[in-house]
Amino acid sequence: MSSSSALDIAILCVAICLFVSFLVATVKRLTVLGHVTGILTSLGFVVSGLIGLFHPSTYVSIGHGAFAFTTLSFRMNAVAGFFVLLIGIVGLFAAVYGIGYVREYNDRKSASLLVSGVLIFIATMVSVVLAGNVFTFLVSWECMSVVSFLLVIYEHEQREVQRAGFIYVVMTHIGTVFLTISFLILAYYSNSFSFQNMDAIQMPIGMKTLVFLFALIGFGTKAGLVPLHIWLPRAHPVAPSHVSALMSGVMIKMAMYGFILVVFQYLKSGPIWWGVLVACVGAVTALLGILHALGQRDQKRMLAYSSIENMGIIFMGLGVSLILMSLHEPTLATFALLASLVHAFNHALFKSLLFLGAGAVLSTTHTKDMDRLGGIIRSMPWTAAFTLVGALSICAMPPFNGFIGEWMLFQSVFGLATSAHDPWVNVFAVLIIGALTMTGALVAMAFVRSFGTTFLALPRSEYAQKAHEVDVSMRIGMAGLAGLCILTGVFSSRLFEMFGHTVQEITGAQLAKNPMGLAFYNLGSTSAHLSILPVLFTSVAALILLWLVIRLGGRRISTVREETWACGGTLTPMMTYTASGYSKPIRIAFQKIIRPSRTLDRTEGSFYFPAKYAYISKVSSFAEVYMYQPVVQAVLRTARIVRGIQNGQVQSYLAYLFITLIVVLLLVK
């Protein structure tokens, strides 16, 4: 097998997805065919990605258009193989999960359109990473954006969904404008639209910087980097849950792929401030993302903010890699890039799992409000177990896969902090370590809150009391991702060998061993072993020791059990800790940043004898308040002025023509 075979398999699967999606959209009875096609083609993408990871690049042109730059060109290499593998794995389990999940829509929506849309969505994402020239990339990127927009507004009857779709489509097209300009500049200096000819591009530093900034804005918009993130916490929660899993687990990684393609492969390296800027943006994104996640009651919105936080962590790693490249530390730079890829792969697995788990809860309780849930672990034990695996993974608890990527990121930044360069670089690295540490602590708090208030304690509403376990296909979808979260955490050395080929293709440097010398793995050895097993055994031994200490120490303490005093009233489940109550200290501590607000309105009864109140608590986005709202207000003021000019009177329009004619005559005089 070669990369040519991998490319053939991938293109064939893309073609099948597109063809079957058309059939399913036109003939509703073929919905089952859509599910089967989604599973089989995703398996094909997994096989294609695995083959592509180990073979040199291959190009193929499909067809020529009316102009030279309108040729459809595709390629397969180790970088594309990595992302095709990612799409295939998440797409496979999302397709299995979708069999049971779309039944919820049978009575009120067209499930065939949803199944058809998911197939096209997967195909366009694969097409993005297989693109071999600018035209193919931008067409695939635009198709991916449009299809994801249509999936976001699938339940377009709701006003919240309409607004989310509008903001998403506006932001994604703003990003596409910046991407188009950056690719056109690259094409101008390489004298070609083919990616093959951009590898050895020579450009003035000023133009390289312009391309870098445009790529950061364009891909950063899709990745959800602060302050370009405002579409993500709106769009991801309102989409169907398996679509949310694909968007949060895979689609935003397309931005990572594009950024690596442009900045690492074509621009190679730049001044040190490039990396500093990317790392700072990543750190701010990570901290603000998780702070806002802690302020959410909507479970899917909380996960969406968590995705912003994880993309911030990934871009922190990319920024550190760029800094090390500019300091001529190729081995450490390659290791930092590998850490980012590993974390991106892991995030795709556990975030997709968490979205599928949230979708399972939503499908049976019909609420995303964590304050109204609670106690459903008894009625949904499988879903609770799979969600717990996802929560432990995202909290970077060993031996789950989230630990590996974050530990490698810490090692990369330690490498920067201890490097013998400018002391300010070392100070900056320490600040990044602080940001990573604080982010990790807040993530643990966010997911203890999410899991505890959703699954533990007592049901706080009728919604939670009516919960029941979801059907087999949805459980299989979650079980597959949960199993991979554990397997890739415990036996990750083989994954590192595969991804080592990817980073070698990007940077040209080969990692023979861990540059930090912390005995984590050895890429150059086929008999490499992951030292996480000793970490696991140590952790288990520590837990046993802790249990023994508590057990022995507890015997000396007398315990008196009495009922909790409820001020003379009756205890109810609503008195237990809610998600809002759990995160209140964080909202108070960071109120200058996340700007929480509360309103209490009397809805029934008189002023002196109120019968019912409505309490509304919300968290405002820092970027929206200080950046977007002033711009929107300025645009509206300008629009009102322009509207006054267009008054509908013929005399006014004749006067405008007369004034324009005079100005033109003066100019040509």
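As annotated in an unreviewed UniProt entry, the protein chain carries the name Proton-conducting transporter membrane subunit and comes from Alicyclobacillus fastidiosus.

Draft legend 1. Structural context of the overall build of the protein chain. Looking only at helices and strands, the protein chain has 24 helices and 4 strands in total. Taken over C-alpha atoms, the radius of gyration comes to 27 Å for the protein chain, in line with the 26 Å a tight globule of 669 residues would show. By the burial criterion, 55% of the 669 residues in the protein chain qualify as buried. Considering only contacts in the protein chain between residues 6 or more positions apart, those separated by 24 or more positions represent 79%.

Draft legend 2. Main features of the side chain of Ser244. By the secondary structure assignment, Ser244 is in helix α9 (residues 241-266). Given the relative accessible area of 0%, Ser244 is considered buried. Only 2.7 Å separates the side chain of Ser244 from the backbone oxygen of His236, close enough to count as a polar contact. Within the structure, the side chain of Ser244 is placed 3.3 Å from the backbone oxygen of Ala239, a separation counted as a polar contact. Each residue touching Ser244, except ones within four places of it in the same chain, is listed here: His236, Ala239, Gly249, Lys300 and Phe355.

Draft legend 3. The arrangement of the state of the cysteines in detail. The full count for this structure, using the stated rule, is 0 disulfides. Cys143 takes part in no disulfide bond, and the closest cysteine sulfur to it belongs to Cys17, at a distance of 14 Å.

Draft legend 4. Structural view of helix α11 (residues 299-326). An ideal rise of 1.5 Å per residue puts 40 Å on 28 residues; α11 measures up with 41 Å between its terminal C-alpha atoms. Where burial is concerned, most of α11 is hidden: 27 out of the 28 residues are buried. N-capping of α11 is provided by Asp298, with a side-chain oxygen placed 2.9 Å from the backbone N of Lys300. Phi turns positive, to about 60°, at His328, one or two residues after α11.

Draft legend 5. Spotlight on the pairing of strand β4 (residues 610-619). With 9 bridges connecting them, strand β3 (residues 596-605) and β4 associate as antiparallel partners. When the sheet's bridge partners are listed, Glu604 is paired in β4 with Lys612. From the end of β3 to the start of β4, which pair antiparallel, there are 4 residues.

Draft legend 6. Region of the structure containing the confidence of the model for the protein chain. Looking at the protein chain as a whole, its pLDDT mean stands at 88, while 95% of the residues score no less than 70. The secondary-structure element of the protein chain with the lowest mean pLDDT is strand β1 (residues 58-63), recorded at 72, while helix α13 (residues 381-394) shows the highest, at 96. Note on residues 518-530: pLDDT under 50 across the span, and 43 contacts to partners over four residues away in sequence or across chains.

Draft legend 7. Highlighting the pattern of salt bridges. For the structure shown, the criterion picks out 8 salt bridges. Measuring nitrogen to oxygen at the nearest pair gives 3.5 Å for the salt bridge that ties Asp298 to Lys368. Placement of the pair is Asp298 in the loop between α10 (272-294) and α11 and Lys368 in the loop between α12 (330-365) and α13, with a sequence separation of 70 residues. Side by side, Asp298 and Lys368 carry an identical accessibility label, which is buried. Between Arg372 and Asp369 there is a salt bridge, with the nearest N and O atoms lying 3.7 Å from each other. On the basis of relative accessible area, Asp369 is assigned to the buried category, the value being 15%.

Draft legend 8. Representation of the packing of α12 against helix α18 (residues 493-507) in the model. Relative to each other, α12 and α18 sit at 125°, their axes nearing to 9 Å. With respect to each other, α12 and α18 are oriented oblique. Once α12 is placed against α18, the crossing between them reads as right-handed. Contacts from Thr334, Leu337, Leu338, Leu341, Val342 and Phe345 in α12 reach Leu495, Phe496, Phe499, Gly500, Thr502, Val503, Ile506 and Thr507 in α18.

Rules and cut-offs
Residues numbered from 1 in each chain as written. Predicted model: local features only at pLDDT ≥ 70, side-chain atom pairs only at ≥ 80, totals over all residues. Heavy atoms only, no water. Helix = DSSP H or I, 4+ residues; strand = E, 2+ residues; numbered from the N terminus. Rg over C-alpha atoms; globule rule 2.2 N^0.38 Å. Buried < 20%, exposed > 50% of the residue type's maximum accessible area, 1.4 Å probe, protein only. Contact = heavy atoms within 4.5 Å. Polar contact = N/O pair within 3.5 Å; in protein donor to acceptor, adjacent residues only side chain to side chain. Disulfide = S-S within 2.5 Å. Expected span 1.5 Å × (residues − 1). Pairing = 2+ DSSP bridges. pLDDT = per-residue confidence, 0-100. Salt bridge = Lys/Arg side-chain N within 4 Å of Asp/Glu carboxyl O. Axes fitted to C-alpha atoms, helices over the stretch in contact; angles between N-to-C directions. Parallel < 35°, antiparallel > 145°, perpendicular 65-115°, else oblique. Left-handed = near helix turned anticlockwise from the far one by under 90°.

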